[in-house]
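Here is how the chains run, residue by residue.
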Amino acid sequence: MKRSRIVGVAVAVSLVSAGGASGQDVEGMPTFREALSLDGVGQVAVSPDGSMVAYTVRSVDWDDNGYDTEIWLASADRAPVQLTRTAEGSSGAPQWSPDGRWLAFTADRGDESQVHLISPLGGEAFPVTEVEGGVSGFQWSPDGDRMMLLVGEPESDESKTRKERYGAFEIDGETDPSSHLWVVDVDPSGRPGEPERRTEGDFHVTSFRWSPDGTRVAYVRQADASLLASLDTDIWLLDVASGESRGLVTAEGPDDDPRWSPDGAWILFSEFDRDLGSFFYLNRELARVSADGGPPEVLTRDFDEQPAVVAWTPQGIRFVASARTERKVFTLDPDTRRIRELSLSSPIVGSVSFTPDGTALAYTGSSGSTLSEVFLARADHAGEAIRLTEMTAQTNGWDVGTREVVTWTSEDGAEIEGVLYKPSDFDASRRYPLLVVIHGGPTGTSRPTMLPSYVYPIAHWVAKGAVVLEPNYRGSAGYGEAFRSLNVRNLGVGDMWDVMSGVEALVDQGIADPERMGAMGWSQGGYISAFLTTNTDAFQAISVGAGISNWMTYYVNTDIHPFTRQYLKGTPWSDPEVYA
């Protein structure tokens, strides 16, 4: 079977053995297998009438050493039911037909991903496409009679021969085949349609959206399929009938994620219209442009974070954004530029889906006391959401300790926030071994979740008597672009100030035992961990996960050279000192 692989990394640090458990199992603490076996909800799609929610659930397939994703269905008066059961592979990307009679989804039932249909009432799914190489994206037309597809060019014979002889690998500068737009008729009788190609040319399409009247498609194109080409993207308009395209937004830099206004007069998109040498850490904006062309209007200049569009509904533009350690949904009035928060029952929102009329939404949400759950709500009473799932019940009886958001002052006066995990029987009169877990990015964000599980088994360490600190050091998302800019030409140095000032605060408060401390991190967190090994002797153990140990060698090995040039404001030959 074709499954995503499970990657497990365990860092064994003996510092926690003095917590009273001496490395033995603790009552109420899950085993590693139990923790890895948790089912998790992912993407949600609310039906057009707002009555039902399709959502994905990822589960572990221990026999195949991988993950299986399937689609489930739930409503306010109907218990969740599993809708797909993919024998070989997974199913995902659920999309309702405009009339709500069908649910389309992608399934890799074999070696290729194809679009399938299934009735929400149940029954067997059937394929809509049989495209060589598979389909990487799709969207229903507004009338429900067609779908626009994103299809990759066939792999060259040379590439196939190379893979057969040497295995799969990539060469910097050589790109994967480009993807283009195709349209296919949807036949409810179950016969796959014959797609017709709609875009031609030496470019690569990444995303697209139908116009409300179904005559045009706004799409994003870039020079080729390489990673670096994604840093300079444009918005184009396709006339579906003729196949002719014209450029709509073609400025230098990244212009992405087009969305049509409900009346079809405007197109919303994400852009960066300032210093192109800084877009890795400064805010991107939401802007709109007339569908007939003209200068774009920036809509979110006064919103100090990175907005990610969910939908443009009659009530306004809906988007999600980080707000310190939370993740929230907002509504933007495109005419007044007024932004208001949509009050939801969960502080950490994941996937969000609105009905076309904007009156109802489904979303996944979590908190410090729950796993991610699926909710259904009326938009005008969002705080009264109905929970449709019981994913948290999987952890009944587990001892996962407590978590809280803490704040401290760094060496240069910057306010730093982090998440502190403590044992459930925490005793303020004694000191605890401390483990510091540093997120990557650097624009990642640590949030106070019930069961943090990425890479490191935090809950297990807490149950065995440690306290764990996850610092949101300078550069983290959720605190505005000025904060994200604080480690420009300051990588490692300023980051260490933030980590060590947090550690010292816990020592000063009598929480952390300075003789029993360890640190670790992944990617950028791995780099900061490596920096700590040569700049402080405060830790008894440090683990570097996929970290950078030398910015100069990283520069000549990475496929994202602009990252280093933007954060260090130079190249290894123009400013070797900052790289050292």
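Owing to the predicted nature of the structure, the values given are computational and were not obtained by experimental measurement. (Residues numbered from 1 in each chain as written. Predicted model: local features only at pLDDT ≥ 70, side-chain atom pairs only at ≥ 80, totals over all residues. Heavy atoms only, no water.)

1. Observations regarding a nonpolar patch on the surface
Among the surface-exposed residues, Tyr166, Phe169 and Ile171 lie close enough to one another that they form a single nonpolar patch of about 310 Å² accessible area. Tracing the backbone through its elements, the reader meets Phe169 in the loop between helix H2 (157-166) and strand S12 (179-185). A residue is classified by how much of its surface remains accessible, and Phe169, at 37% relative accessible area, is partly exposed. (Patch = residues over 30% accessible without salt bridge, like charges linked within 9 Å, V, L, I, M, F, W, Y side chains within 5 Å. Areas by Shrake-Rupley, 256 points an atom, 1.4 Å probe, with all protein chains shown as cover. Salt bridge = Lys/Arg side-chain N within 4 Å of Asp/Glu carboxyl O. Helix = DSSP H or I, 4+ residues; strand = E, 2+ residues; numbered from the N terminus. Buried < 20%, exposed > 50% of the residue type's maximum accessible area, 1.4 Å probe, protein only.)

2. A look at the packing of aromatic side chains
Inspection of the entire model under this criterion finds 20 aromatic pairs. Taken together, a centroid distance of 5.9 Å and an interplanar angle of 65° make the contact between Phe272 and Phe279 edge-to-face. Ring pairs connect the aromatic residues Phe272, Phe279, Phe280, Tyr281, Tyr527, Phe531, Trp551, Tyr554, Phe563 and Tyr567, which therefore count as one cluster. We note Arg33 situated over the ring of Trp62; from NZ or CZ to the ring centre the distance is 4.1 Å. (Phe/Tyr/Trp six-rings, centres within 6.5 Å; stacked < 30°, edge-to-face > 60°. Lys NZ or Arg CZ within 6 Å of the ring centre and 35° of its normal.)

3. Quick look at the environment of Glu271
Mapped onto the elements, Glu271 comes out in strand S19 (residues 266-271). For the pair Glu271 and Leu38, spaced 233 residues apart in the sequence, the C-alpha separation amounts to 38 Å. Aside from chain neighbours lying at most four places away, what touches Glu271 is Pro254, Asp255, Arg284, Glu285, Ala287 and Val298. (Contact = heavy atoms within 4.5 Å.)

4. A word on the sheet that holds strand S11 (residues 146-152)
The sheet built from four strands is open, its strands ordered S10-S11-S12-S13 with antiparallel pairing. Strand pairing shows two members of the sheet lacking a second neighbour, strand S10 (135-140) and strand S13 (196-197), which therefore form its edges. (Pairing = 2+ DSSP bridges.)

5. Details of the confidence of the model for the protein
With 94% of its residues at a pLDDT of at least 70, the protein reaches an overall mean of 91. Note on residues 1-14: pLDDT is under 50 here. Beyond four places in sequence and across chains, it has 36 contacts. Across residues 17-24, where pLDDT falls below 50, the model places nine contacts with residues more than four positions away in sequence or in other chains. (pLDDT = per-residue confidence, 0-100.)

6. Some thoughts on the packing of helix H5 (residues 493-508) against helix H6 (residues 524-535)
Packing of H5 against H6 leaves a shortest axis separation of 10 Å and a crossing angle of 80°. With respect to H6, the element H5 is oriented roughly perpendicular. Seen from H5, the contacting residues are Val493, Asp495, Met496, Val499 and Met500; seen from H6, they are Gln524, Ile528, Phe531, Leu532 and Asn535. Looking at the contact of H5 with H6 residue by residue, the class counts come to seven nonpolar, two polar and one charged. (Axes fitted to C-alpha atoms, helices over the stretch in contact; angles between N-to-C directions. Parallel < 35°, antiparallel > 145°, perpendicular 65-115°, else oblique. Nonpolar A, V, L, I, M, F, W, Y, C, P; charged D, E, K, R; others polar.)

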